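Spelled out, the chains give:
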Amino acid sequence: MNFPPPPPRHQTDHQTKQIILVHGPIIIGAGPSGLATSACLSSRGVPSLILERSDSIASLWKSKTYDRLKLHLPKHFCRLPLLDFPENFPKYPSKNEFLDYLESYASHFRIVPRFNENVQNAAFDTSSGLWRVKTLNKTEYLSKWLIVATGENADAYVPETPGIVNFSGGKIIHASDYRSGEEFRQQRVLVVGCGNSGMEISLDLVRHNASPHLVVRNTVHVLPREILGLSTFGVGMTLLKCLPLRLVDKFLLLMANLSFGNTDRLGIRRPKTGPLELKNVTGKSPVLDVGAMSLIRSGKIKIMEGVKEITKNGAKFMDGQEKEFDSIIFATGYKSNVPTWLQGSDFFTKEGMPKTPFPNGWRAGEGLYTVGFTRRGLLGTASDAVKIAGEIADQWRDEIKGSIKNSCSSRFVLISN
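In this text, all values refer to a predicted model and were calculated from it rather than measured experimentally.

Cut-off values and rules
Residues numbered from 1 in each chain as written. Predicted model: local features only at pLDDT ≥ 70, side-chain atom pairs only at ≥ 80, totals over all residues. Heavy atoms only, no water. Pairing = 2+ DSSP bridges. Helix = DSSP H or I, 4+ residues; strand = E, 2+ residues; numbered from the N terminus. Buried < 20%, exposed > 50% of the residue type's maximum accessible area, 1.4 Å probe, protein only. Contact = heavy atoms within 4.5 Å. Polar contact = N/O pair within 3.5 Å; in protein donor to acceptor, adjacent residues only side chain to side chain. 1 Å grid on protein atoms, 1.4 Å probe; cavity = no way out; pocket = protein on both sides within 12 Å on 5 of 7 lines; lining within 4 Å. Points joined across faces, edges and corners; volume = space filled by probe spheres on them. Core = buried A, V, L, I, M, F, W, Y, C linked by side-chain atoms within 4.5 Å. Axes fitted to C-alpha atoms, helices over the stretch in contact; angles between N-to-C directions. pLDDT = per-residue confidence, 0-100. Phe/Tyr/Trp six-rings, centres within 6.5 Å; stacked < 30°, edge-to-face > 60°. Lys NZ or Arg CZ within 6 Å of the ring centre and 35° of its normal.

**Q** Honestly, the pairing of strand β4 (residues 119-125) in this entry has me stumped. Any pointers?
**A** Where a strand is regular, its side chains alternate between the two sheet faces. For β4 and strand β5 (residues 130-135), the ladder comprises six bridges, and the chain directions are antiparallel. In the sheet register, A122 faces β5, and the bridge partner there is V133.

This is how it looks when you write it as structure tokens:
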């Protein structure tokens, strides 16, 4: 392969300080997706370079999650490829235990990302056959392969809500800025969003003597986290090996009804489509209850309909009610940030998700790959990482090993400064 020479000084973008040729793939993002892909590549003898916008690995887990967070699935469903969790870890590791695992993972595979490298744009150069990745640090990286590992949860999402600028009470925050209910003691708190985060934040607020009002705008499946001491997710996956999906869904809903009763009476309406089928079709996960449902039944967590508008002192709701609140928390999820920096590729939707559905959304062509966009959690991440590493390793052996690796042992080379 012929690599382009550095541009003449008079043609070089005045914003670019240096151009670096990377031997191996460039991976954007040092979360679980980027780490897993780098480890799988390394196991096949392929070097890689991770660019990470923050100053640490797994920054979303480290600085954008609440204190009481634990993995919602048993640890064996959340392991990354090639390295198990320590045996002494509990069934559902805490946030800090999971971060310890990721740090150990990076150390084990000698993964050293380039931190504080925020990608400004990335585009494929057809003349050279290389991806050109420019960062806000005024550095340009070149590689035959680009792996997008920023995932489906890169940035906080807050929906447009009428009147939000008029609120003059306490805080309005996204769940990514919530740590503990300690700072909300004795407050009336509106929690917008009834996914796993909204449910757990409401639970945490009650335990800190706050009064949460949880907005449930759409239908949602709530399942017990365990059935007879076994992971509900694990039971579902086992049953799918021998039973049709819809029959498994009926079983899971039966268990949910035995655990919670008719949730319609609580203001929580179930979708007509079963939980696993809905997950397959839309990517929307069921809520796995860790204690919030009992507080909803007792009235300590109050269920509200959709928000019509935010007022100066609270909110008006779709059913005509109006209430005052001290603070508002948007547990409204996250979004991909790929459209803000990836240029010239039509592989992603305007929402930043691969157009090709799972399980084939990991390969985009022209050396572009994606990992962490399956809407199937860490299991999906692990699956994509293994596939990507296998395909790139084949190309590395066939096209790179002789022509590049033997000419230079460095992982990357400065070709312009």
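This is not the end of the story, as more comes after the structure.
**Q** Would you explain helix α5 (residues 232-240) in this entry?
**A** For the α-helix, the turn length of 3.6 residues means that residues three or four positions removed from each other point alike. Taken together, the buried positions of α5 are T232, G234, V235, G236 and L239. Buried positions along α5 lie against β12 (222-224), β13 (226-227), β14 (230-231) and α6 (245-260). One side-chain oxygen at the N-terminal end of α5 lies 3.3 Å from the backbone nitrogen of F233; it belongs to S231.

**Q** Which parts of the structure should I look at to understand the layout of surface pockets?
**A** To locate leftover empty space, one rolls a probe as large as a water molecule over the atoms. Of the volumes computed, that of the second largest pocket is approximately 260 Å³. Around the second largest pocket sit 19 residues that line it, and P357, F358, F373, T374 and R376 are the ones nearest its centre. Element by element, the count of residues in the lining of the second largest pocket is highest for helix α7 (residues 275-282), at four residues.

**Q** Just checking my understanding: could you explain the side chain of S327 for this structure?
**A** Within the fold, S327 resides in strand β20 (residues 327-330). A distance of 2.7 Å separates the side chain of S327 from the side chain of Q187, its partner in a polar contact. For S327, the contacting residues outside a window of four places in its chain are F167, G170, K171, F184, Q187, R188, V189 and L190.

**Q** Sorry, what's going on with the nonpolar core here?
**A** The nonpolar side chains of soluble globular proteins are, as a tendency, buried together. Y101, Y105, M199 and L205 are the most contacted members of the largest nonpolar core, which has 73 residues in total. It is helix α9 (residues 377-405) that contributes the most residues to this core, seven residues altogether. Sequence-distant contacts of L205, defined by excluding residues within four places in its chain, comprise Y178, G181, F184, V189, V191, A210, P212 and I329. In this structure, V119, V338, L342 and M353 belong to the second largest nonpolar core, which totals 21 residues.

**Q** Looking at this structure, how should I read the sheet that holds strand β23 (residues 368-370)?
**A** The strands that make up a sheet are held in pairs by hydrogen bonds between backbone atoms, and each pair lies either parallel or antiparallel. The strand order β3-β2-β7-β23-β22 describes an open sheet built from five strands, whose pairing is mixed. Each of the sheet's edge strands pairs with one partner strand only, and the pair in question is β3 (49-51) and β22 (363-365). The sheet shows a mean angle of 20 degrees between the axes of neighbouring strands, taken without regard to direction. Contacts from helix α1 (residues 32-43) reach β2 (26-28), β3 and β7 (146-148) within the one sheet, and its direction differs from that of β2 by about 160 degrees.

**Q** When you look at the confidence of the model for the protein chain in this model, what are you seeing that I'm missing?
**A** Should pLDDT be low for a region, the predicted coordinates there are not to be read in detail. Looking at the protein chain, pLDDT values average 92 and 92% of them are 70 or higher. Under a pLDDT of 50 for its full length, residues 1-14 has, in the predicted model, 17 contacts with residues more than four places off or in other chains. Predicted confidence is poor over residues 404-410, with pLDDT under 50, and the contacts of this stretch with residues over four places away or in other chains come to nine contacts.

**Q** Where do I start with the packing of aromatic side chains in this structure?
**A** To describe a pair of aromatic rings, you give the distance between the ring centres and the angle between the ring planes. Considering all chains together, one arrives at 15 aromatic pairs under this definition. Ring pairs connect the aromatic residues W61, F85, F89, F98, Y101, Y105 and F109, which therefore count as one cluster. Over the aromatic face of Y92 sits the side chain of R225, whose NZ or CZ is 3.8 Å from the ring centroid.

**Q** So what exactly am I meant to see when it comes to the environment of A315 here?
**A** Relative to the assigned elements, A315 resides in strand β18 (residues 314-317). The class of A315 is buried, set by a relative accessible area of 0%. Measuring from C-alpha to C-alpha, the distance between A315 and S107 comes to 48 Å, with 208 residues separating the pair along the chain. Discounting residues that sit within four places of it in the chain, A315 has contacts with L190, V307, E309, I310, Q321, E322, K323 and F325.

**Q** Looking at this structure, I do not really get the sheet that holds strand β9 (residues 172-174). What am I missing?
**A** Pairing is parallel across the open sheet formed by five strands, whose spatial order is β9-β20-β10-β11-β16. The sheet is open, and its two edges are formed by β9 and β16 (302-304), each paired on a single side. With strand direction ignored, the average angle separating the axes of adjacent strands in the sheet is 25 degrees. As paired strands, strand β10 (residues 188-192) and strand β11 (residues 211-215) are joined by five bridges and run parallel to one another. Within β11, the residue paired with R188 across the bridge is S211. Relative to β11, helix α4 (residues 196-207) is tilted by about 165 degrees, and along the sheet it contacts β10, β11 and β20.

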